[in-house]
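Listed below are the residues making up each chain.
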Amino acid sequence: MSGPTSDGAAGPPTPPHGWRRRQRPPRLERRLEFPDYDSLRDFLDQVADLSEETGIYPNQSFGRTYVNLTLFADDDSGEISAAAEAFAERVDGFAKG
């Protein structure tokens, strides 16, 4: 899926909900906040299980009630892969509960 640019041409694909597309290096980023550590821990466990299932391991940094996730572009193509986009969408499902 592509997003429009200011001149109406198709731009880079629109990232999954809540994710921000960044350049230099190309990546998707998302910060999620939780009401307490137990909720965060449950979420991190779901992401870990998904990583084991897909072989995609996002960079993670977290505190007591938040996590920052980063998915980097594929080393070979320099693009965010369809698998990484699908991973991000599944993470969104975990975040919705």
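A.B. asks: Hey, could you run me through the overall build of the chain in this one?
C.D. replies: Regarding its fold elements, the chain presents two helices and six strands. Residues counted as buried form 31% of the 97 residues belonging to the chain. Residue pairs in contact within the chain that sit at least 24 positions apart in sequence constitute 56% of those at least 6 positions apart. About 6,200 Å² of surface is accessible on the chain, with carbon and sulfur atoms providing 47% of the total.

A.B. asks: Can you help me understand unusual backbone geometry in this one?
C.D. replies: Backbone phi values are negative for most residues with the exception of glycine, while trans is the configuration of most peptide bonds. Cis geometry marks the peptide bond from R24 to P25, where omega comes out at -5 degrees. Summarising the element assignment, P25 is placed in the loop between β3 (20-22) and β4 (27-33).

Conventions used here
Residue positions are given per chain, counted from 1 along the sequence in the order it is written. Totals for whole chains, interfaces and linings use all residues, but because this is a predicted model, local features are given only for residues with pLDDT of at least 70 and pairs of side-chain atoms are given and counted only at 80 or more. The side-chain figures draw on all heavy atoms in the structure; neither hydrogens nor water molecules are used. Each helix is a run of H or I in the DSSP string that is no shorter than four residues. Each strand is a run of E no shorter than two, and both are numbered from the N terminus. Buried residues are those whose accessible area, probed at 1.4 Å on protein chains only, stays under 20% of the maximum for their type, while exposed residues exceed 50% and partly exposed ones sit between those limits. Residue contacts are defined here by distance: any two heavy atoms, one from each residue, within 4.5 Å place the two residues in contact. Methods summary: accessible areas were calculated by the Shrake-Rupley approach with a probe of 1.4 Å, and residue burial reflects only the protein chains presented.

These results come straight from atomic positions and should not be treated as a statement about function.
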